[in-house]
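Single-letter residue listing:
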Amino acid sequence: MTHTLSETIQGNRKLAFIARNWAAFFLLGFLILFSFTGKGFLSVTNFQNVGHLAVIAILMASAETFVIITSGIDLSIGFVMGFSSVTAGKIIQILYAAGGGISPGISIAIGIVIVLILSLIPGLVSGVLIARYKVPPFIATMGMWGITNGIALKICKGFPVATLPEVLTRIGNGYIIYIKPGGGISFFSLPHGVGNESIREYIRLIPYSFIFVGLILLVLWHLLRNTTFGQHTYAIGGNEEAAVRAGINVKLHLVKIYILSSFIAGLAGIFNVFQTGIGNFTPFGAMYELFAVSAVVIGGASLMGGKGSIFGSVIGVFLIAFLENGLLISGVVPFYRFIAVGLLLIIAVVIDQLFPDLL
Amino acid sequence: MNTITKRKLTNVIMDLGRSWALIFLIVELVFFSLAAKGFLSLRVFQMVFFFGVTVFLLGVAELFVIITGGIDLSVGYIVGFASIISSRFVALFLQTGMSTLPALLLGIFLTLAIGLLPGLVSGLLIAKLRVPPFIATFSMLGITHGVSELLILNGAVNMPKLSTLFGNGYFLYWAPGPGLSLFVRPEIPRGGFILELIPNIVVVAFVVIGILSFMLKRTVFGQYTYAIGGNVDAAIRSGINVSRHTVKIYMLSSFLASLTGIIYVMMYVKGKGDAGASNLLDSIAAVVIGGASLYGGKGTVWRTILGALIIAILETGLRVMGIPTFDKYIIVGIILISAVLIDKIFPDKTYMDTKE
Amino acid sequence: MEYLVETKNITKRFGGLTAVNKVSFGVQAGEIVAVLGDNGAGKSTLIKMISGVHQPDGGQIFVQGKEVEIHSPMDALSMGIETIYQDLALAENMNVYSNIFLGREKTKKVLGLFNVMDSQYMFDESQGVLDKLNIQIPSLRNNVRTLSGGQRQAVAISRSIYWNAKFLIMDEPTAALGVAQQKLVLDLVKSLKDHGLGIIIISHQMHDVFAVADRIIVMRRGEKVGDLKKEGTNPDEVVNLIVGSESVV
Ligand SMILES: Nc1ncnc2c1ncn2[C@@H]1O[C@H](COP(=O)(O)OP(=O)(O)OP(=O)(O)O)[C@@H](O)[C@H]1O
Ligand SMILES: [Mg+2]
């Protein structure tokens, strides 16, 4: 029998390495390409911007990674995020505008705590429906999409929740280091007495958002990679029947997975409030969850379950993010990004089909 | 109670349980008739169907796909894509000096032909390259969405008046004086009485839906659709060309979405990239409420229409009551999940053929 | 007497592993041959070459004395070789007569225009074959999902008979069944003999084998290590052959 393409490539370690990490190589290729085509693409400022804007997509993709590894899907995360953002906004607005007694800091803290607790609920409900009542994940989480979206819209009456403390965006869009060329260096905020209007004169380094998302990623990576929780997640996706026989409490684990996913979406909602300074509901057509699934698949996971990693998913997100940014800076119409993501997805899955055993 | 009557009673309960959606629809109608002033009227009733057309057609598109065990995320954006290219084509033909009707017909024909492409591509990806339907159709969503927005960068073009007249017109008119008339609205004095019956687009939609129901139920095409969803291996071993049939199914879905896009642009004059985007949830919900299973092998056209009607009546009813439609999302979400749970309680119907 | 289906030195390798090694055997019309052997002995691989799932790497297959090449399950079907799969190949969401006619639906024209399925015809024909084989099922309009395991096997077998199977291959047809259901299937298999079919049956259940088989073939590590008339042997001898303490060819 002649060797198939797949066997040839698997036989060659270098080629196999490239096929396995195609997304990373694509990313590298894009970075090089756009450095030539886009003025200002290759700069610390631009990279920081891309990273900052990608935070929500990264959180969404990490949430979806856990779910997809169990061979499920969570269509509700985009709307859980909207629910979380709107609710946090509303609570802070009420406490803060009630004025006098409650300082912005405390209102924000209370808002965060309440919303993080609330954000466990959609995951709990879909998890129980999926694990205990065998409702297909697609339907259970689609139902939660409708429900959380409806509740979010009811809370904010269809308008963003505004008039929140200004400190939110100062933290959400703040940097750790501010350097004035030829002048001094200052940490955590602009030097005293310097107004926001002169912020452009400063070189800003390391957004707070990087620390925030970095810490979360570290925890999730550790959870998936080094703990029994992660081990069981892969086991369930690989062969649920076998996982049950091995004594894993599959039902409980699935509930935990959907709660985790929902919780991360809640975190994304809170970040959204810090980033924009208002509580935003999620519009139709934002498709956070679908882009998250795409990033996860581009990052090497399979919708059949059992495969995927946090690192891969983050690469997937950056591949989409830099593609979008690079096209924009190179003056290409932004709508090409939809086409590009479509094509990347097809590449991802075809590679996965051609080389099923590349892990 | 003896065992026979007990058994009959169980059967009746089972039958009622299996038709819970119909019962729900009736309860819904009664509720809104009582609670919403002005709901119980011919006008509102026709509105339900008029605005329901999108979800009827997309629901049926999704139904065929879901019976095979797949899903089609792209239908919403194919609606937008078709709404844009059809208006483009018609405008182009009109520029070349063609008269309105032929330009319109040719434009529609070309749109329906091109509208098969996204389905062809996702079908091939799914059938030949074993790409999961979720991913294949999402990439088609991205591509049609992107292409639509590029086509519309310099603004949308208007459809000719004839098309809008048809899109918002009725099949049957009656007015005292001119009497009965088909399609053409008779001239009547301002404020005079006129009876308008059955919107044209509802007629078009139901002719198509009727044909599809027939195909699914009575033809080999329908039989293969169920077989693939029930047991792919069985279908293959029985000699059914499964990949070809799968491609056809996604092309059918794509075709129905394009038809919906053409109807959209006839209703609203201009095409729009995200014309059908917000209907995805409703279409899939309609199919599931209508008793289909996402694991494939189950579902019928009329039950899907029933599911779509439940949603359409909910939306219209809330609107007539003056409640913001935010509640709709919550209620649809709850019905969607309940549908799956209720269907689990009532197993397949069984028959007894008494033989002497 | 001529064999209905015969193999000569048939061999199948998977990479370095020889799953079936130069096996020769034959089955006559009206004969039931049981294939026994430990897990991994090569039983399934052997019959998959006859049902067209695998292509042999060496040796020959003869159907009614003529050498043939069986490239696909479709080829096998066209030669009258039907396989009852362990997982049955029935669409559980469809009713009994639709399953019997799956892929070969009977249609009729309405209005001289559309081809629609002739359900009444399919129902009547199916009822006919079930009656002929004396199989009882509440109604052919019931979905296969609502049938018992034994009834499902019976439907799968009736389907083969209806489509003129001459040679039936069954891989562990009673594996997942309760005692009563096993009896139902075994009785059905025995009755097929009278219709002149040749049958290969793979089973791990010694009891089944001695209940229905005329001849017993034992495989060990890909080789045929025994070919015995049922009358001339006993379960002990067969077990010894399977585990490998003796060899009788
Ligand atoms: N498609 C395949 N690819 C590689 N090896 C295979 C394949 N099919 C079977 N084998 C190997 O060939 C050998 C014989 O397998 P086979 O399935 O024929 O055994 P069997 O006798 O049917 O066993 P069991 O009683 O467990 O069903 C085994 O070692 C098996 O692992
Ligand atoms: Mg076997």
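Up top is the structure.
Residues numbered from 1 in each chain as written. Chains lettered and ligands numbered in written order. Predicted model: local features only at pLDDT ≥ 70, side-chain atom pairs only at ≥ 80, totals over all residues. Heavy atoms only, no water.

Novice: Give me the overall build of chain C: which residues, what numbers.
Specialist: Within chain C one finds eight helices and 12 strands. Whereas a compact globule of 249 residues would reach a radius of gyration of roughly 18 Å, chain C reaches 19 Å, a difference of no more than 12%. Summarising its shape, the C-alpha atoms of chain C cover approximately 65 × 40 × 35 Å along the three principal directions. In chain C, which comprises 249 residues, the share counted as buried stands at 53%. In chain C, the proportion of contacts linking residues at least 24 apart, taken out of those at least 6 apart, comes to 64%. Only carbon and sulfur atoms are counted for the fraction: they give 48% of the accessible area of chain C, which is about 10,800 Å². (Helix = DSSP H or I, 4+ residues; strand = E, 2+ residues; numbered from the N terminus. Rg over C-alpha atoms; globule rule 2.2 N^0.38 Å. Buried < 20%, exposed > 50% of the residue type's maximum accessible area, 1.4 Å probe, protein only. Contact = heavy atoms within 4.5 Å. Areas by Shrake-Rupley, 256 points an atom, 1.4 Å probe, with all protein chains shown as cover.)

Novice: Break down the side chain of asparagine 99 of chain C for me, with residues and values.
Specialist: All names here are of chain C. Locating asparagine 99 in the fold gives a position in helix α3 (residues 96-100). Look at asparagine 99 and you get buried, because its relative accessible area is 0%. Apart from residues no more than four positions distant in its own chain, asparagine 99 is found in contact with Leu90, Ala91, Met94, Val144 and Arg159.

Novice: Could you give me a rundown of the sheet that holds strand β1 (residues 175-179) of chain A, with the residues and numbers involved?
Specialist: All names here are of chain A. Strand order across the open sheet formed by three strands is β2-β1-β3, with antiparallel pairing between neighbours. Only two strands of the sheet have a single partner each, and these edge strands are β2 (185-187) and β3 (203-207). Averaged over all pairs of adjacent strands, the angle between strand axes in this sheet comes to 15°, irrespective of strand direction. Two strands pair when backbone bridges link them, and β1 and β2 are joined in this way by three bridges, in the antiparallel orientation. Note that in β2 the partner of isoleucine 177 across the bridge is phenylalanine 187. Of the strands in this sheet, β1 and β3 touch helix α4 (residues 44-69), which is tilted by about 35° from β3. Relative to the sheet, helix α10 (residues 208-226) contacts β1 and β3, its axis offset from that of β3 by approximately 15°. (Pairing = 2+ DSSP bridges. Axes fitted to C-alpha atoms, helices over the stretch in contact; angles between N-to-C directions.)

Novice: Could you give me a rundown of unusual backbone geometry, with the residues and numbers involved?
Specialist: Residue and element names in this part refer to chain C. Backbone geometry places asparagine 134, a non-glycine residue, at a positive phi of 60°. Along the chain, asparagine 134 falls in the loop between α4 (119-132) and α5 (149-162). Taking the relative accessible area as the measure of exposure, asparagine 134 reaches 61% and is therefore exposed. One non-glycine residue, arginine 221, lies in the positive phi region at around 45°. Looking at where arginine 221 falls in the secondary structure, it is placed in the loop between β11 (215-220) and β12 (223-229).

Novice: Before we move on, can you summarise the interface of chain C and chain B with the specific residues and values?
Specialist: Facing the 31 residues of chain C at the interface are 26 residues of chain B. Together chain C and chain B conceal approximately 2,400 Å² of surface at their shared face, both sides included; 52% is due to carbon and sulfur atoms. The interface formed by chain C and chain B holds zero salt bridges in total. Here chain C is connected to chain B by eight residue pairs in polar contact (both at pLDDT 80 or more). Broken down by secondary-structure element, the contributors of at least two residues to the side of chain C that touches chain B are α2 (73-78), β7 (107-110), β8 (114-117) and α4 of chain C. Looking at the side of chain C that touches chain B, its residues break down into 15 nonpolar, 10 polar and six charged. (Buried area = accessible area lost by both parts, 1.4 Å probe. Salt bridge = Lys/Arg side-chain N within 4 Å of Asp/Glu carboxyl O. Polar contact = N/O pair within 3.5 Å; in protein donor to acceptor, adjacent residues only side chain to side chain. Nonpolar A, V, L, I, M, F, W, Y, C, P; charged D, E, K, R; others polar.)

Novice: Mind laying out the arrangement of the chains, listing which residues take part and the relevant values?
Specialist: For the two pairs of chains in contact, the maximum contact count is reached by chains A and B. At the level of C-alpha atoms, the two units chain A and chain C stay apart, their nearest approach being 10 Å.

Novice: Residue-level account of the site of ligand 1, with values.
Specialist: Residues and elements named next belong to chain C. With respect to spatial proximity, 13 residues lie near ligand 1, and among them Asn39, Gly40, Lys43, Ser44 and Thr45 are the closest. In this structure, an oxygen atom belonging to ligand 1 sits 2.9 Å away from a main-chain N or O atom of glycine 42. Serine 44 is positioned with one of its side-chain polar atoms (N or O) 2.7 Å from an oxygen atom of ligand 1. Protein chains bury 61% of the 640 Å² of accessible surface belonging to ligand 1 in isolation. For the shell around ligand 1, the secondary-structure elements that each account for two or more residues are β2 (17-27) and α1 (43-50). It is α1 that contributes the most residues to the shell around ligand 1, three residues altogether. The residue inventory of the shell around ligand 1, partitioned by class, reads four nonpolar, six polar and three charged. (Near = heavy atom within 4 Å.)

Novice: Describe the interface of chain B and chain A, with residues and values.
Specialist: Interfaces are often sized by the accessible area lost when the parts come together. The interface of chain B with chain A comprises 40 residues on the first partner and 46 residues on the second. Of the roughly 3,700 Å² buried between chain B and chain A on both sides combined, carbon and sulfur atoms contribute 88%. Of all residues in chain B, Phe134, Phe138 and Phe326 of chain B bury the most surface against chain A, accounting for 17% of the area lost on that side. Counting across the chain B and chain A interface gives one salt bridge. With a shortest N-O distance of 2.7 Å, lysine 154 of chain A and aspartate 327 of chain B are connected by a salt bridge. Counting across the interface, chain B meets chain A through two residue pairs in polar contact (both at pLDDT 80 or more).

Novice: Can you lay out helix α10 (residues 220-230) of chain B for me, pointing to particular residues and giving the numbers?
Specialist: Here α10 of chain B lies mainly inside the structure; nine of its 11 residues are buried. Taken together, the buried positions of α10 of chain B are occupied by Phe221, Gly222, Gln223, Tyr224, Thr225, Tyr226, Ala227, Ile228 and Gly229 of chain B. If you follow the buried residues of α10 of chain B, they end up packed against α3 (42-67), α9 (200-218), α11 (232-237) and α12 (242-268) of chain B together with α3 and β8 of chain C.

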